[in-house]
Amino acid sequence: MAISSLSNRGSIPIDMLLGLRSQLDVLQRQLGTEKRAETHAELGADVALSTRYRAKLAALDSYEASNTILSTRLSLMQTSLERITKAATDTKSAAVNSSFTIVNGNQTAQQITARGNLDQMVAALNVDIDGRFLFSGRATDTQPVATSDAILNGIGGQAGLKQVIEERRQADLGDGLGRLAAPVLAGNTVSLAQDAGGHPFGFKIKSIGTTLAGASVAGPMGATNAVSVTVATQPEAGQTLSVTLGLPDGTETTVTLTAIAGGTPGEGQFQIGATAADTAANLQASLQTALGREAKTSLTAASALAAGNDFFQVDDAHPPMRIDGPPFASATALRAATATDTVRWYGGEGGSDAARSTASATIDDNVGVSYGARANEEALTRSVKLAAVFAAAQFDAADPTAADRYDALRFRISGAMDGAAGEQKIAGIAAEIAGTQTAVKSTQERGRVDRNVVATLIDGVEGISKEEVGIKILALQTRLQASYQATAILARLSLVDHI
Amino acid sequence: MGLSTALTTALTGLQASTYGLSVVSSNVANADTPGYARRRAVTEPGVSDNGATSVRVTEVARQVDIFVQRQLRVENGSAGYATELASYYQRLDALYGTPGGPTALDTMINDVRNALQGLATTPESPTTRAGAINAARTLATQLNGLSADVQAMRSDTEEAIGAAVKRVNTLLETIAGADKQIVTETARGSVDISSLLDQRDAAIDELSRLIDVRATVDGNGGINIATNSGLVLYNGRPPAKLGFDPQTPVTANDRYSADPAARGVGTIFLEAGDGSRVDLLAMGAIRSGQIAALVDMRDNVLPGAQAQLDDIAAQLADSLSRRDVAGTAVSSGGRDGFDIDLTGMQPGNIARLTYTDATGPKTVSFVRVDDPSVLPLANSHTAEAGDRVVGIDFSGGPASVAAQIQAALGGSFQVANPGGDTIRILDDGAANQVTIAGLTAGITETQLQGGSGALPLFIDAGRVPSTYSRVVDAAGDQKVGFAARIAINPAVTADPSLLVAYQGSPAVPSGDTTRPAFLLDRFVNDQASFVSNAGDGVGRPFTGTIAGFTRQVLDTQANAAARASSLKTGQDVVVDLLQKKSSEVSGVNIDREMADLLTLQQAYSANARVITAVKEMIDLLLRV
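None of the values given here were measured: they were computed from a predicted structure.

### Focus: the overall build of chain A
So, step 1. Helix and strand counts for chain A come out as 11 helices and 14 strands.
So, step 2. Structurally, chain A occupies a C-alpha span of about 170 × 45 × 40 Å along its principal axes.
So, step 3. Pairs at least 24 apart in sequence give 68% of the contacts found in chain A among residues at least 6 apart.

Written out as C-alpha cells, the structure is:
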C-alpha cells in the first residue's frame, strides 16, 4: 500500500527497503523448506502441473503399496502350490513303488508317507498372511481346510473320511458280493443280477462274454442288468467266461473264469464237470467265489475312492455325501451330510464362478488382475483326496485278500494323482498365478521408474535450486546493505545541519 | 515620496517576511503530517495612497496539482478494490493448504483413493476398512471446515461492509462541514483557508478508496461529490446518508437478491429524507473501491468457492451411492425405444433420454421432484451443457409420470407405463423424424445392503432423511451448502464390514471385492460435469473425475488469487507513482524550506536595515 503522507520525506525509499526485506524472508523460507511456495497462489500457473503430478504420484504410490502386498501374496501362493505339488508327487511315487509290508500293525510305510504328505498339503493350503487366507476364495478370513486329523478321523460328533469310507464299504459290499444277488443255477443256465436297480452302490454288471464252446450268453437286461450263460455242451479246457463289472469309482473290472479239465480249480478257474449241467453248476460256484473275492479287493478299493469323492467334492452348493443308513449294507441312496454330522474339509467360500475371480486387484490404471484360489479347486481337491484316501486305508496282514486290495488301492492312487487329460492340474493354477506375478512385477518396475520421473517433475515445479536461492540471497544481501547505507547517508544530508 | 513612505514600505516588507516565516514554520512543523499540502505565501506589490509601492501577502497558496489529485482519486478507488480483493483472496488461498501438504484438498482426495485401493486389495482386514472410513471422514470434515471458513469470511465481509458504510457517512459529514466553511470563508475573502482545504481533501481521498467517487469544485469553491455511476453523495446540501443492514452469521444459503424477501445478506441503501430506501447494490451504484471489493467477495467470489466445495461434496456422495440403470431396448407397433425401471428413484435423481431429431442429437434430463412448487426447473439445473431439464412430479405415481414425460416430449414420442415403475419411451416409428439413442437413469442407493456395490457412504447430516440425492424442494437445492453438512454414514462407522457386505443374504464373504472395487472404480473413474467451475470464464462446465475437478478448483482459485495479487501490485505502482508526483508538488522539502528561511531572514534583515537607515536619516534631519 502506498504511504498516504504527502511529505516529501518519501525520499527515503521505505517501500523499496521493505520489499527487499520481504524478498529476503521469502528466500530464507525457501531455503529452509526447500519449497518454492507456501500457498497454491504462490505457485501461480504451476498449480495445475503440481496438483496433476501429485495425483499421479499418489496413484503410483497406492499402486506400489497394493502391488507389494499383492506380490507377497502371489509368492506365498506359488510356494504353497510347490509344496502341494511336491507332496502329491511324493505320494504318487510312494504308491507306485510299494510292496505290501505292514509296518505299524495296519499300514505300510508308504501310507505313513502319504499321511505326512497330507499334512503338508493341508498346511500349504492353510497358509495365511496377516490373517488373510489365500485358498479360501472370497472368505479370506476363514481357514480353508480342516486339520488332517479332523479330515481323517472326524472331530467331535462329525464323521471323518475313515468313517465315510467304512460306511461306503458296507454299502458297496452289501452281503459280500458287491450288491449282486448270488448266481443262480437253473438247468444248464447260470444267471447273475444286481440286487436292485437304481442305487449307486456295489458292482454294476456291464457285459458278459464267453469263449466256452457251445455256450451262449444273454444280457445285461432289465433294471438289475441281469446276465446269464447257458452251457449247452461241454466246453474245452482253457475256454473262458468273463463278466465285466462297473465299480463305484467309475473304473471297471472283469472277472474271468477259465475252464480246467481236472484237479482242484484255483483262483479264476472252474472245473469242467461230467455233464454240461455239472459244468454249469461248477461255473456257478466258481463265479460266486470269484465275485466275493473281487468285492474284497478291487470293489473295496474303488469304494474307498468313491467315498473320497463323496467326502471331498464339496462347494457352497454341494455338501459332502453320506450313505443313507444305517443299515448301510442295504442302503439304496446317498444323502447330503449336515454340518453337524460330517467334517467339511473345505470351509472357505465355494461359489460356482471361477476360483481366480474371487480376488482381484487394480495394479495400474485400468489394469486389473484376478488371483484368487480355492482349496476345493479340482486339482487341489484331487491331490488332497488321494493322499487322504491312501492314508485312511487300513489292512490286516493276516487277511489273504489284503495284499490284492492294497494293490488295487495304490494303483488307483498313483494312476489318478496326475489327473486325466482335460482335468485341471496344479501346474495350471501355478501358471495362472505366475502370469499375474509377471504382470505385477513389470507394473511395479514401470511404476518405480514413473515415480522417479514424477517426483523429479514435482521437484522441478514446487522445489527450489539451493544454489540459485543461495546466490539470490547473497545478491539481495548486498543490495540491501548498499541501500541501507545509501539511505542512512541521504537521511543525514540536510540543510538543517549546515545553517 | 518621503522617508515615511520608505519606512512604511519597509514595514510591509517586514510583515511579509514574518508572514512568510510563519508559513515556512507551518510547513516544517507539518512536514510529516498526512494530508498536509505545502503552502506558500503569495505576495504582490501594493500601491499606497501616496503612490509608494509596498508589499502585501494576498493569499497562502496550497501547492496542489489538481490534475494529479483527480487522477489519484480515480486510482485510489481501483487500489482500494484491488487491495481488499487481494487480501481476501490471500485468506481464501491459505484455506486450501500448502501445495502437497496434508491439509491440501487434493492430498485428501488422493488419500481417500489410496485407502480405497488398500480396501480393494485387502477387503477383509479391519485395518484397511478403518483406513478407508478414516480417509473418507477426514475429507468430509475438511470440506465441512472449508465451508465454515468460507462462510466465516463472508460474515467478515458483511461486518467490513458495515464498518465501511459507517466510515463513508462520517467522511461525508466531514466533507460537508469543511466545505460549508470553505464556501463561507472564500466568500469573505479570507487569505488562508488551506487547513480547511486540507481537511476536505483528506476526507475525499479516504472516501475515494472506499467508493469510486468523482469530486468537482464549483465556482464558489464548494465541492460536488458523486459516484462514477452518477449517484450524488454531496452537492452543498446535507450529504447523502448510506445505510447497511448486516445479517450475520452468513450461511451458504444466504445470497444477495434484489428482492428483499429473498435476500439473506445485507445491502447498502440510500436513506432518503422521507425514510424510504434505495438499494444501491441492486442499482449497481457502487462499482469500485473497497466496498465494491467486499460486496464482490461476499456475493460472487466466496459463493463461487462454496459452490465448488458443494460440487466436490455432491459428487463424492453421488458417485459412491449411485446405481446406474440402463434402459432395455424395446419395439412395439413399429416404434423403437426403451423401457426403464425407475424403482427406487429418489427425489433429485435424473433419468436421461438421448435422441436425434432433424436438427441433431438432443438430451433431455428428467428430474424427480416431489415438491411441485419448484417446477419448472431451469435448464441450468444440471451442469451438462445443452440438455433440456424437465422436472417430473412423482407424487401421482408412474402413470402420471409417463403422462408428464409425454407432455414434455410431445407427439413425436409415445410414452407409457407398461407396469410397475417401468417407463417406456418409443419413437415415432415409420415417420422416422426422431430416433431414440438411449435411456438411462442414476438412482441413489439408500440401502446399506442393497445388493449392489453402491453404498451411501456419505450422507447429508443436516437433513431428514439424510440421503443425498440433490433434492430440490421449497427449502432449496440440497446441493447448496452440502459441503458444510456432508458426513460419513454413521451406520458404516458402526459396522465397517458394510464396506464389503453389499447384501445381507446370502452373506457376503469378507474377502469379496465387489463393493470395494466398485467404490474404488467410481472414486477414480466416475465422470461428472461440474457447474461451479468459476474460473473457466466461458461458462463451459468442467467434465471429469472428482480428483480432476478438485485439481481444477485449486488451479482456478490459485490463479484467481495470483491475479488479484498482481492486480494489487500493479495498482499500487500506479498509486505510488501518482503519490510521488503529488508529493513533489505538495510535499514539504525541508531543504527548500530552509532555503526559503534563509531568504526570508535576509529579506527581514534587509528591511530592518532600511528602517535603520530611515531612522538614521531622520535623526540626521532632526539634528540639523
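### Details of the overall build of chain B
So, step 1. Counting its secondary structure elements, chain B contains 13 helices and 23 strands.
So, step 2. Taken over C-alpha atoms, the radius of gyration comes to 38 Å for chain B, far larger than the 25 Å a tight globule of 624 residues would show.
So, step 3. Seen through its principal axes, chain B has C-alpha atoms that stretch 140 × 55 × 40 Å.
So, step 4. In chain B, buried positions account for 46% of the 624 residues.
So, step 5. Of the contacts made within chain B by residues no fewer than 6 positions apart, 66% connect residues no fewer than 24 positions apart.

### As for the pairing of strand 16 (residues 422–426) of chain B
Strand residues, when the strand is regular, have side chains that alternate between the two faces of the sheet.
All names here are of chain B.
So, step 1. For strand 16, the tally of buried residues reaches 4 of 5 residues, placing the bulk of the element in the interior.
So, step 2. Relative to strand 16, strand 11 (residues 335–341) is paired through 5 bridges, and the arrangement is antiparallel. Note that in strand 16 the partner of Gly337 across the bridge is Leu426.
So, step 3. Examined bridge by bridge, strand 15 (residues 414–419) and strand 16 share 4 bridges and lie antiparallel to one another. Residue Gly419 lies in a different strand from strand 16, and its bridge partner there is Thr422.
So, step 4. Counting the residues that bridge the hairpin from strand 15 to strand 16 gives 2 residues, and of these Gly420 lies at a positive phi of roughly 60°.

### Quick word on the interface of chain A and chain B
So, step 1. Every contact between the two is made by 50 residues of chain A and, on the other side, 56 residues of chain B.
So, step 2. Counting residues per element, the ones that place at least two in the side of chain A that touches chain B are helix 2 (40–43), helix 3 (47–96) and strand 13 (360–364) of chain A.
So, step 3. With 15 residues, the single largest contributor to the side of chain A that touches chain B is helix 3 of chain A.
So, step 4. For the side of chain A that touches chain B, a count of residues per class yields 21 nonpolar, 17 polar and 12 charged.

### Let's talk about the confidence of the model for chain B
Residue and element names in this part refer to chain B.
So, step 1. Per-residue confidence for chain B averages 88 on the pLDDT scale, and 97% of its residues sit at or above 70.
So, step 2. In this model residues 534–538 is a low-confidence stretch, pLDDT under 50, and it forms 7 contacts with partners more than four residues away in sequence or in other chains.
So, step 3. On the interface metric, ipTM, the complex scores 0.79, and its pTM is 0.84.

### Quick word on the sheet that holds strand 6 (residues 215–221) of chain A
All names here are of chain A.
So, step 1. Spatial ordering of the open sheet is given by 3-4-7-6, a layout of 4 strands whose pairing is antiparallel. Strands at the two margins of the open sheet, each flanked by one partner only, are strand 3 (180–186) and strand 6. Going from strand to strand, the sheet's axes swing by 10° on average, the running direction of each strand aside.
So, step 2. Two strands pair when backbone bridges link them, and strand 6 and strand 7 (residues 226–231) are joined in this way by 5 bridges, in the antiparallel orientation. In the sheet register, Ala218 faces strand 7, and the bridge partner there is Ser228.

### A word on the packing of helix 3 (residues 105–121) of chain B against helix 11 (residues 514–525) of chain B
Residues and elements named next belong to chain B.
So, step 1. Packing of helix 3 against helix 11 brings their axes to within 8 Å, and their N-to-C directions diverge by 155°. The orientation of helix 3 relative to helix 11 falls into the category roughly antiparallel. Crossing angle aside, the handedness with which helix 3 passes helix 11 is left-handed. Residues Val112, Arg113, Leu116, Gln117, Leu119 and Ala120 of helix 3 touch helix 11, and the partners they reach there are Pro516, Ala517, Leu519, Leu520, Phe523 and Val524.
So, step 2. Of the residues contributing to the contact of helix 3 with helix 11, the split by class is 10 nonpolar, 1 polar and 1 charged.

### Overview of the pairing of strand 14 (residues 367–370) of chain A
Residues and elements named next belong to chain A.
So, step 1. When strand 13 meets strand 14, the two strands line up antiparallel, connected through 4 bridges. Within strand 14, the position partnered with Thr362 by the bridge is Gly368.
So, step 2. In this structure, the hairpin formed by strand 13 and strand 14 is closed by a connection of 2 residues, where Asn366 is found at a positive phi of approximately 60°.

### Examining the confidence of the model for chain A
So, step 1. Confidence in the prediction of chain A, expressed as mean pLDDT, is 88, and 97% of residues score 70 or more.
So, step 2. Low pLDDT, under 50, characterises residues 1–10 of chain A; the predicted model gives this stretch 33 contacts beyond four residues in sequence or across chains.

### Details of the nonpolar core
So, step 1. Ranked by size, the top nonpolar core spans 229 residues in total, and within it A:Ala387, A:Ala388, A:Phe390, B:Ala313 and B:Ile486 carry the most contacts.
So, step 2. With 20 residues, the top contributor of residues to this core is helix 4 (residues 126–188) of chain B.
So, step 3. With 28 residues, the next largest nonpolar core counts B:Leu353, B:Tyr355, B:Val434 and B:Ala441 among its residues.

### Some words on the environment of A:Thr297
All names here are of chain A.
So, step 1. Along the chain, the position of Thr297 falls in helix 7 (residues 276–312).
So, step 2. The exposure class of Thr297 is partly exposed, given the 19 C-beta atoms found within 10 Å.
So, step 3. Remark: the alpha-carbon pair of Thr297 and Ala403, spanning 106 residues in sequence, is separated by 8.6 Å.
So, step 4. In this structure, Thr297 is in contact with Thr401, Asp404, Arg405 and Ala408, ignoring residues within four places of it in sequence.

### Points about the environment of A:Ser330
So, step 1. For A:Ser330, the location among the structural elements is in the loop between strand 11 (321–323) and strand 12 (334–336).
So, step 2. When the C-alpha atoms of A:Ser330 and A:Ala439 are compared, they prove to be 56 Å apart, with 109 residues separating the residues in sequence.

### Some remarks on the sheet that holds strand 7 (residues 268–271) of chain B
Two modes of strand pairing occur in sheets, parallel and antiparallel, and in both the strands are linked by backbone hydrogen bonds.
Residues and elements named next belong to chain B.
So, step 1. A sheet is described by the order of its strands in space; here 3 strands give the open sequence 6-7-8, paired in antiparallel fashion. Bordering the open sheet on either side are strand 6 (241–244) and strand 8 (277–279), each of which pairs with just one other strand. Strand-to-strand twist of the sheet, defined as the mean angle between neighbouring strand axes without regard to direction, takes the value 35°.
So, step 2. By the bridge criterion, 4 bridges tie strand 6 to strand 7 in an arrangement that is antiparallel. From the neighbouring strand, Phe244 faces strand 7, where its bridge partner is Ile268.

### Let's talk about the packing of helix 3 of chain B against helix 4 of chain B
Residue and element names in this part refer to chain B.
So, step 1. Between helix 3 and helix 4, the shortest axis-to-axis distance is 8 Å and the interhelical angle comes to 160°. Overall, the two elements helix 3 and helix 4 adopt an arrangement that is roughly antiparallel. Note on packing geometry: the crossing formed by helix 3 with helix 4 is left-handed. Residue-level contacts link Leu105, Met108, Ile109, Asp111, Val112, Ala115, Leu116, Gly118 and Leu119 of helix 3 to Thr128, Arg129, Gly131, Ala132, Ala135, Ala136, Thr138, Leu139 and Gln142 of helix 4.

### Some words on unusual backbone geometry
For residues besides glycine, phi is generally negative; the peptide bonds are generally trans as well.
Residues and elements named next belong to chain B.
So, step 1. Looking along the chain, the bond that leaves Leu375 and enters Pro376 is cis, with omega of -10°.
So, step 2. Among the structural elements, Pro376 can be located in the loop between strand 13 (360–369) and strand 14 (387–393).
So, step 3. Omega for the peptide link from Ser505 to Pro506 comes to -5°, which places this bond in the cis form.
So, step 4. Following the sequence through the fold, Pro506 ends up in the loop between helix 10 (490–494) and helix 11.
So, step 5. The phi torsion at Arg470 lies on the positive side, around 60°, for a residue other than glycine.
So, step 6. Looking at the secondary structure, you find Arg470 in the loop between strand 18 (458–460) and strand 19 (472–473).
So, step 7. Given 23 C-beta atoms within a 10 Å radius, Arg470 is considered buried.

Reading the values: the criteria
- The residue numbering used here restarts from 1 in each chain and proceeds along that chain's sequence as written.
- As they are written, the chains are lettered A onward and the ligands numbered 1 onward, keeping that order.
- Totals for whole chains, interfaces and linings use every residue, but because this is a predicted model, local features are given only for residues with pLDDT of at least 70 and side-chain atom pairs only at 80 or more, for both listing and counting.
- Secondary structure counts use DSSP, requiring at least four H or I residues in a row for a helix and at least two E residues in a row for a strand, with both numbered from the N terminus.
- We call two residues in contact when their backbone-placed C-beta atoms lie within 7 Å.
- Our radius of gyration is a C-alpha quantity, and the globule rule it is checked against amounts to 2.2 Å times the number of residues to the power 0.38.
- Neighbour counting defines burial: a residue surrounded by 20 or more other C-beta atoms within 10 Å of its own C-beta is buried, one with 12 or fewer is exposed, and intermediate counts give partly exposed, using backbone-placed C-beta atoms.
- Pairing between strands is defined by DSSP: at least two bridges between them are needed.
- Under the scheme applied here, ten amino acids are nonpolar (Ala, Val, Leu, Ile, Met, Phe, Trp, Tyr, Cys and Pro), four are charged (Asp, Glu, Lys and Arg), and all others, including Gly, are polar.
- pLDDT measures how confident the predictor is about each residue, on a scale from 0 to 100.
- To obtain each axis, a line is fitted to C-alpha atoms, and for helices this fit is confined to the stretch in contact; angles are then taken between N-to-C directions over 0 to 180 degrees.
- An angle counts as roughly parallel when it lies under 35 degrees, as roughly antiparallel when it exceeds 145, as roughly perpendicular when it falls between 65 and 115, and as oblique in every other case.
- Working rule for handedness: look at the near helix, and if it is turned counterclockwise from the far one by less than a right angle, call the crossing left-handed; if clockwise, right-handed.
- Here, a nonpolar core means buried Ala, Val, Leu, Ile, Met, Phe, Trp, Tyr and Cys residues linked by C-beta atoms lying within 7 Å of one another.

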